[in-house]
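# Residue-level structural notes
Take a look at the letters that make up each chain.
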Amino acid sequence: MKITHAEIIVCSPTRNFVTLVVHTDEGIYGLGDATLNGREMAVVSYLQEHVIPCLTGKDPFNTEDTWQFLYKGAYWKRGPVTMTSIAAVDMALWDIKAKALNVPLYQLLGGKSREKVLVYCHANGTDPHHTLEEVEKHIEMGYKAIRVQSGIPGMRGTYGVAKKGEKYEPATPGLPQQYEWNTEKYLSFVPRLFEMIRNKIGEEILLLHDAHHRLTPIEAARLGRELEPYHLFWLEDPVSEELQESFRLLRRHTTTPIAVGEIFSSVFDCHLLITEQLIDYLRMTVLHGGGITHILKTAHLAEIYNVRTGFHGATDLSPVTMAASLHLDLSLHNFGIQEHMPHEPLVDEVFPHAYFFAGGYLYPGDAPGLGVDINRQLAGKYPYRPAYLPINRRDDGTMWNW
Ligand code: GCO
Ligand code: MG
């Protein structure tokens, strides 16, 4: 089998997605997600100008060699644009191979290690009362694990929370929106929020929280320690993740489990976190972390050090990434949990897929390959719209991590 050509489809059915379709001389094609939220067209250009021309004539079954060709061959290794582009090709090739062999992808990754994939959803409220309502609503929907985020009195625009009645979707059309940040207000609010939620719902439901990169190590240590009585499943992105050594300080002070990695692009962003056992869950995405080939290696390293996976699954990753994650989740021995932020129905229509949700779990389904397709006609009706993630400033105007 040979690759004949590849094409890129950019569409915006409620939000932007970049999809790579790789075609072969046997008529089988594979899909890869290439969406980098807020920087979409950089990946489009990287793929169009520098990657697609090199694919023609290659055997799509050689996933490892093609990965190394694109990684080593670029000379300029790593970085989100490069690794997202490589991931898109890698996903598409694994999709082709599994379709050609007529098996669901998980059969090529070690088969089933479990029957179903535990997921966590998002409960976001504008204030603690609204947040509790959202938690209770999601318990009724069958979720067994819930991420809890709430608007904080006196702060404009808190991460993870939309206006009442609206769905939270990272990235908005137009130029970046500005949010406000105040560490002191946040630190005194969050433990009280979890105290209230735990008292109301009891111990059974797993609770998670995302601090979204905003604290210093000692502030994060205080938060982790104050949250201990409420038994979080994890505290996510407590500190900015560029400096892996930060997690040493945090780890010395708290037993609250730590999750990090949604913005990592390779194992070299987290090798210390893994080998020093500074984290409990790795959130690297198949999409931004170099694809199935590279995530497999990273997850296997993590397994040795008792670090489990908790792949990123926000709505800015297309159903193609969700499917790839689910095949990995089903097969990796050290799977922990999968984020599930359901796409809008229109997105599911543009990307018809075999995976489905039932009773707090996702199932990848048994369709050959990834089990996702793209409805080109429908996609064509929703052209790309420039959109940005928000930015964040402290009360005095200082730029802060969003
Ligand atoms: C999460 C993430 C997202 C990101 C988003 C950025 O835990 O799901 O933090 O909400 O902010 O993916 O594009
Ligand atoms: Mg996050």
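Predicted model, so just to flag it, every value in this text is computed and none were measured.

## Structural notes on the overall build of the chain
Per the secondary structure count, the chain includes 12 helices and 18 strands. At 21 Å, the chain has a C-alpha radius of gyration in line with the 21 Å of a compact globule built from 402 residues. Each principal axis of the C-alpha atoms in the chain carries an extent, and together these give about 60 × 45 × 45 Å. Each of the 402 residues in the chain was classed as buried or not, and the buried ones make up 58%. A separation of at least 24 residues holds for 72% of the contacts in the chain among residues at least 6 apart in sequence.

## Some remarks on the coordination of the magnesium ion (ligand 2)
Summarising the metal site, the magnesium ion (ligand 2) is bound by the protein donors Asp210 (OD), Glu236 (OE) and Glu262 (OE), whose distances to it range over 2.0 to 2.3 Å. All donors to the magnesium ion (ligand 2) come from one chain, and their sequence spacing reads D-x25-E-x25-E. Of this pair, Asp210 sits in strand S8 (residues 206-210) while Glu236 sits in strand S9 (residues 234-236), and the two are 26 residues apart along the sequence. Side by side, Asp210 and Glu236 carry an identical accessibility label, which is buried.

## Thoughts on the sheet that holds strand S17 (residues 391-394)
Pairing between the strands of a sheet comes from backbone hydrogen bonds, and it takes one of two forms, parallel or antiparallel. Within the open sheet, the 3 strands sit side by side as S7-S17-S18. Their pairing is mixed. Edge positions in the sheet fall to strand S7 (178-181) and strand S18 (399-400), since each has one partner strand and no second. Bridge count for S17 against S18 is 2 bridges, and the pairing is antiparallel. Of the residues in S18, the one forming a bridge with Asn392 is Trp400.

## Comments concerning the environment of Arg393
With respect to the helices and strands, Arg393 occurs in strand S17. Arg393 gets classed as partly exposed once you look at its relative accessible area, which sits at 26%. Sequence separation between Arg393 and Gln178 is 215 residues; the distance between their C-alpha atoms is 7.2 Å. Residues contacting Arg393, with those up to four places away along its chain left out, are Gln178, Tyr179, Glu180, Trp181, Thr398, Met399 and Trp400.

## Here's the deal with a negative patch on the surface
A surface patch of negative charge is lined by Asp127, Glu133, Glu136 and Glu140. Mapped onto the secondary structure, Asp127 falls in the loop between strand S4 (117-125) and helix H4 (128-140).

## Some details on the pattern of salt bridges
Going through the model one piece at a time under the given rule, you end up with 12 salt bridges. The partner of Lys137 in a salt bridge is Glu134, and the shortest N-O contact between them spans 3.3 Å. Pair noted here: Lys137 and Glu134 are both in helix H4, with a separation of 3 residues, about one helical turn. Looking at Glu134, the relative accessible area reads 15%, which means it is buried. A salt bridge links Glu226 to Arg222; the nearest nitrogen and oxygen atoms lie 3.4 Å apart. Pair noted here: Glu226 and Arg222 are both in helix H6 (residues 217-227), with a separation of 4 residues, about one helical turn. On the accessibility criterion, Arg222 (37% relative accessible area) is partly exposed. Connected through shared salt-bridge partners, Glu236, Glu262, Arg283 and Glu339 make up one network.

## Brief notes about the packing of aromatic side chains
Aromatic ring pairs are defined here through the distance separating the ring centres and the angle between the ring planes. Under the criterion given, the structure shown has 12 aromatic pairs. Three or more aromatic residues joined by ring pairs form one cluster here, namely Tyr120, Phe233, Trp234 and Tyr281. Geometry around Trp67 places Lys297 over its ring, the cationic atom sitting 5.9 Å from the centre.

## As for the sheet that holds strand S3 (residues 29-33)
With antiparallel pairing, 3 strands are arranged side by side in an open sheet as S1-S2-S3. Where the open sheet ends on each side, the last strands, each with one partner, are strand S1 (3-11) and S3. Within the sheet, the average angular offset between the axes of one strand and its neighbour, ignoring direction, is 20°. Where S1 and strand S2 (residues 17-24) come together, 8 bridges link them in antiparallel fashion. Along S2, the bridge assignment pairs His5 with His23. Relative to the sheet, helix H1 (residues 40-55) contacts S1 and S2, its axis offset from that of S1 by approximately 170°. Set on the sheet, helix H3 (residues 80-100) makes contact with S1, S2 and S3; between it and S3 the angle comes to about 150°.

Reading the values: the criteria
Residues numbered from 1 in each chain as written. Chains lettered and ligands numbered in written order. Predicted model: local features only at pLDDT ≥ 70, side-chain atom pairs only at ≥ 80, totals over all residues. Heavy atoms only, no water. Helix = DSSP H or I, 4+ residues; strand = E, 2+ residues; numbered from the N terminus. Rg over C-alpha atoms; globule rule 2.2 N^0.38 Å. Buried < 20%, exposed > 50% of the residue type's maximum accessible area, 1.4 Å probe, protein only. Contact = heavy atoms within 4.5 Å. Donors = N, O, S within 2.8 Å, 3.2 Å for Na, K, Ca; no water. Pairing = 2+ DSSP bridges. Patch = residues over 30% accessible without salt bridge, like charges linked within 9 Å, V, L, I, M, F, W, Y side chains within 5 Å. Areas by Shrake-Rupley, 256 points an atom, 1.4 Å probe, with all protein chains shown as cover. Salt bridge = Lys/Arg side-chain N within 4 Å of Asp/Glu carboxyl O. Lys, Arg positive; Asp, Glu negative; His and termini not counted. Charge placed at Lys NZ, Arg CZ, Asp CG, Glu CD. Phe/Tyr/Trp six-rings, centres within 6.5 Å; stacked < 30°, edge-to-face > 60°. Lys NZ or Arg CZ within 6 Å of the ring centre and 35° of its normal. Axes fitted to C-alpha atoms, helices over the stretch in contact; angles between N-to-C directions.

Everything listed here is a matter of geometry and, on its own, says nothing about what the molecule does.
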